[in-house]
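Listed here are the chains, written in short residue letters.
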Amino acid sequence: MTTLSSGFARARRWLREHPLAFDATLAFCTLVAMICSSFTDPGDGHGPPAFGARTPELFSVLLMTLTAAALVLRRRRPMQVLAVTAALAAVEYVLMDPPAPVVMTTVIALYTVASRTDRPTTWRVGLLTMGGLTAAAMVFGSTPWYSQENFGVFAWTGLASAAGDAVRSRRAFVDAIRERAERAERTREEEARRRVAEERLRIARDLHDVVAHHIALVNVQAGVAAHVMDKRPDQAKEALAHVRDASRSALNELRVTVGLLRQQGDPEAPTEPAPGLAVLGELVATFRNAGLPVEVACADRDRLPAAVDLAAYRVIQEALTNVRKHAGAGVKAEVSVVRVGATVEVTVLDNGRGSAGRRPGSAPGGGPGPADGPPGDGDGLDSGGHGLVGMRERVTALGGALTAGPRYGGGFRVHAILPVEARTGEPERPGTAGGTGLRR
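Residues numbered from 1 in each chain as written. Predicted model: local features only at pLDDT ≥ 70, side-chain atom pairs only at ≥ 80, totals over all residues. Heavy atoms only, no water.

Engineer: Which residues make up the overall build of the protein chain, and what are the values?
Structural biologist: Tallying secondary structure elements over the protein chain gives eleven helices and seven strands in all. Within the protein chain, the proportion of its 440 residues that are buried is 38%. Considering only contacts in the protein chain between residues 6 or more positions apart, those separated by 24 or more positions represent 69%. Put simply, the protein chain shows about 24,500 Å² of open surface, and 61% of that area lies on carbon and sulfur atoms. (Helix = DSSP H or I, 4+ residues; strand = E, 2+ residues; numbered from the N terminus. Buried < 20%, exposed > 50% of the residue type's maximum accessible area, 1.4 Å probe, protein only. Contact = heavy atoms within 4.5 Å. Areas by Shrake-Rupley, 256 points an atom, 1.4 Å probe, with all protein chains shown as cover.)

Engineer: Residue-level account of a positive patch on the surface, with values.
Structural biologist: The grouping of R10, R12, R13 and R16 at the surface amounts to a positive patch. On the secondary structure map, R16 appears in helix α1 (residues 2-17). (Patch = residues over 30% accessible without salt bridge, like charges linked within 9 Å, V, L, I, M, F, W, Y side chains within 5 Å. Salt bridge = Lys/Arg side-chain N within 4 Å of Asp/Glu carboxyl O. Lys, Arg positive; Asp, Glu negative; His and termini not counted. Charge placed at Lys NZ, Arg CZ, Asp CG, Glu CD.)

Engineer: Any details on the pattern of salt bridges? Residues and values, ideally.
Structural biologist: Going through the model one piece at a time under the given rule, you end up with nine salt bridges. The closest approach of N and O atoms between E191 and R194, which form a salt bridge, is 2.5 Å. Of this pair, E191 and R194 both sit in helix α7 (residues 148-228), separated by three residues, roughly a single helical turn. Residue E191 is classed as partly exposed on the basis of its relative accessible area, which comes to 29%. Sharing partners across several salt bridges, the network here consists of D23, R74 and R75.

Engineer: I'd like a description of helix α10 (residues 306-326), backed by residues and values.
Structural biologist: Look at α10: 30 Å from first C-alpha to last across 21 residues, which is about the 30 Å you get at 1.5 Å a residue. Of the residues flanking the end of α10, it is G328, one or two places downstream, whose phi is positive at about 95 degrees. (Expected span 1.5 Å × (residues − 1).)

Engineer: Outline the sheet that holds strand β4 (residues 333-340), listing residues and values.
Structural biologist: Two modes of strand pairing occur in sheets, parallel and antiparallel, and in both the strands are linked by backbone hydrogen bonds. If you walk across this open sheet you meet the five strands as β3-β4-β5-β7-β6, and the pairing is mixed. The two strands at the open ends of the sheet, each matched to only one other strand, are β3 (294-298) and β6 (401-406). In this sheet, adjacent strand axes meet at a mean angle of 10 degrees when their direction is disregarded. With five bridges joining them, β3 and β4 adopt parallel strand pairing. (Pairing = 2+ DSSP bridges. Axes fitted to C-alpha atoms, helices over the stretch in contact; angles between N-to-C directions.)

Engineer: I'd like to hear about the pairing of β4, residue by residue, with values.
Structural biologist: With eight bridges connecting them, β4 and strand β5 (residues 343-350) associate as antiparallel partners. Its bridge partner being in β5, V340 is matched across the sheet by T343. As consecutive antiparallel partners, β4 and β5 are separated by two residues, and within that stretch G341 has a phi angle of approximately 65 degrees, a positive value.

Engineer: So what about the pairing of strand β7 (residues 412-419)? Which residues, and what values?
Structural biologist: With six of eight residues buried, β7 lies mostly within the body of the structure. Relative to β7, β5 is paired through eight bridges, and the arrangement is antiparallel. Residue pairing for β7: T347 is matched across the bridge by H415. Bridge analysis of β6 against β7 gives six bridges, and the strand direction is antiparallel. Within β7, the position partnered with G405 by the bridge is R413.

Engineer: Can you tell me about the environment of A241, naming the residues and giving the values?
Structural biologist: Within the fold, A241 resides in helix α8 (residues 233-259). A relative accessible area of 24% means that A241 is categorised as partly exposed. When the C-alpha positions of A241 and A225 are compared, they lie 9.8 Å apart, and in sequence the two are 16 residues distant.

And the structure:
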């Protein structure tokens, strides 16, 4: 049984791949069926049909052969094949009595047209074919107009139209489902690529924030140590200790960030939580140790969503790093985190003026620059314009807004508004966070 079913499956597959061969086989089977039927006399309807009770005329055999041959082209020329078979079937009804079943080819041709055209065309062509052939059978046949053979012509042609239309509708439905599935697959792949790109961008931001902050502090403390090494070795030793602590912190954060790139199930996957406002005091302490006085006002200690908490921490970290690098000597900074309704406002202010070229937006030659401090002061990591851009992208990715620019009377201000319910995954809206006097 398995061998027989597999043989049928192979035959069907071959015929489907060779439609012309399938149509030729169908035409031959139809011709055999018409010739066999032409030898059968249906009788008067009260007894079974008698085979061999009549013999078809040579002209009828010729018409059956021509219509069967026309079926070979039913896929390529469906309308022409229907016209030929319907015309020859009508000729058979007009000239032959009793007529041979030439109408069988018309039924197949009408089914083909209905399955390959739209519904209005099927209605028009089907009604014309049904009405014409039924009228020819009723008018020119020797049987009464109400005989079952005449109504059989109407029923078979109508059934062919309905079946062809149903097959066409089902084929269109299956094609639509297949197209929808392919579109969903493409959309899923695009979504996966978009998420990968967003994750890479997020990791790049974290790497930049970690490296920019800690390397700037290391640079500052190393400059202090070199500056006071000969005259105040104790202070130089303290600065080197801060260098060691900052470098250790940088390595730890880099290990955590890079660990996010590990595959699931790797043995050393990171388990440390991402930094947030809970460790804001430790962050501020590193700047104070580097010689930057920082005042903190955090009016709300409520737990924030992880993405918002991390974004607020990174904004403060990057803003204070900029202050330490570019604001000049004797600068002070203020940090405030305030909950306002459904948003959290993060503000970082400083009273420095910076130097031209290092702090865009300041007047040329205004205020002491990095050269006024110890050697190396202010020469920390210059991110080539990505620091403030990274802050803006991080904030707008959550549906917030960021502004940055000089303050009236001197200094610089960074202000970020973050929604408590972060809309992560939304596309960034260019221009949401405006800024003037960008530092990077």
